[in-house]
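Summary of the model geometry
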Amino acid sequence: MLTIEDFTDTWPNPIPAATESGGLGVGLQGDANHSGQVTMVDAMMIAQVVVGLRPPADIDPVMSDVNCDGKVTMVDAMLVAQHVVFGKEFTCWVCE
Ligand SMILES: [Ca+2]
C-alpha cells in the first residue's frame, strides 16, 4: 500500500499526486496532458480518448480518472469541464 502524505520539490513547493490501484500519478488531478494546468483541453482530450478519436497514450490515465473509479470515462471529461468552468473540486467517489 502506498500512501502519499506530503510530496514536495526541493524548495519545498507541494507537488500534487494521486494514487489508485496499480498506479501513481504525479501532477494536477485532471491535467490529462501534463501541461501544468487543468483546462478545457484536458476535458476534450479525455472525451476524445473515450470515443476513440485519440489513442489512450495521449492522456495520463491516473490524472484523468478524477472520480477515482479506476476508469477513464465521459464522466471524468464532464467533471474536468465542470472544474474548469465552475471551479468544482474533484471528489473521489470510490476513494471516499
Ligand atoms: Ca473515472
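Structure's up top.
Residues numbered from 1 in each chain as written. Predicted model: local features only at pLDDT ≥ 70, side-chain atom pairs only at ≥ 80, totals over all residues.

Looking at the overall build of the chain
This is how the line gets drawn: A run of DSSP states H or I qualifies as a helix once it reaches four residues; a run of E qualifies as a strand once it reaches two. Both are numbered from the N-terminal end. Exposed residues have 12 or fewer other C-beta atoms within 10 Å of their own C-beta, buried residues have 20 or more, and residues in between are partly exposed; the C-beta atoms are placed from the backbone. C-beta atoms are placed from the backbone for every residue, and two residues are taken to be in contact when these atoms lie within 7 Å.
Along the backbone of the chain there are three helices and two strands. Ordered by position from the N terminus, the helices and strands of the chain form the series β-β-α-α-α. Out of the 96 residues belonging to the chain, those deemed buried represent 28%. Here the contacts in the chain between residues at least 6 apart in sequence split such that 50% fall between residues at least 24 apart.

Regarding the environment of Val51
In this structure, Val51 sits in helix 1 (residues 40-51). Residue classification places Val51 among the exposed positions, given that 9 C-beta atoms sit within 10 Å. Distance in space between the C-alpha atoms of Val51 and Thr73 is 9.0 Å, their sequence separation being 22 residues.

Re the nonpolar core
As a reminder of what qualifies: Nonpolar cores are built from buried Ala, Val, Leu, Ile, Met, Phe, Trp, Tyr and Cys residues. These are joined into a set through C-beta atoms within 7 Å.
Core analysis: the biggest nonpolar cluster contains 16 residues, and Ile46 and Val80 have the highest contact counts within it. Mapped onto this core, the elements with two or more residues apiece are helix 1, helix 2 (61-64) and helix 3 (74-86). For this core, the leading source of residues is helix 1, giving five residues. With residues up to four places along the chain from it excluded, the contact list for Val80 reads Gly30, Val38, Asp42, Ala43, Ile46 and Val66.

Examining the packing of helix 1 against helix 3
Stated precisely, the cut-off is as follows: In this description, a line fitted to the C-alpha atoms serves as the axis of each element, helices being fitted only across the stretch in contact, and the angle between N-to-C directions of two axes falls anywhere from 0 to 180 degrees. For classification purposes, angles smaller than 35 degrees are called roughly parallel, those larger than 145 roughly antiparallel, those between 65 and 115 roughly perpendicular, and all remaining angles oblique. Residue classes follow a fixed rule: Ala, Val, Leu, Ile, Met, Phe, Trp, Tyr, Cys and Pro count as nonpolar, while Asp, Glu, Lys and Arg count as charged, and any other residue, Gly among them, counts as polar.
For the pair helix 1 and helix 3, interaxial distance at closest approach is 8 Å and the crossing angle is 170°. Regarding the angle of helix 1 to helix 3, the classification is roughly antiparallel. Between helix 1, through Met40, Asp42, Ala43, Ile46, Ala47 and Val50, and helix 3, the contact on the second element is made entirely by Met74, Asp76, Ala77, Val80, Ala81 and Val84. Looking at the contact of helix 1 with helix 3 residue by residue, the class counts come to 10 nonpolar, no polar and two charged.

Considering unusual backbone geometry
Phi at His34 takes a positive value of approximately 60°, unusual for a residue other than glycine. Relative to the helices and strands, His34 resides in the loop between strand 2 (23-26) and helix 1. At Cys68, a residue that is not glycine, the phi angle is positive and equals roughly 60°. Since 20 C-beta atoms lie within 10 Å of it, Cys68 is described here as buried.

Here we look at the environment of Ile46
By the secondary structure assignment, Ile46 is in helix 1. Judged by local crowding, Ile46 falls into the buried class, with 31 C-beta atoms found within 10 Å. A sequence separation of 13 residues divides Ile46 from Asn33, and the C-alpha atoms of the two residues are 9.1 Å apart. With residues up to four places along the chain from it excluded, the contact list for Ile46 reads Ala32, Ile59, Ser64, Val72, Asp76, Ala77 and Val80.

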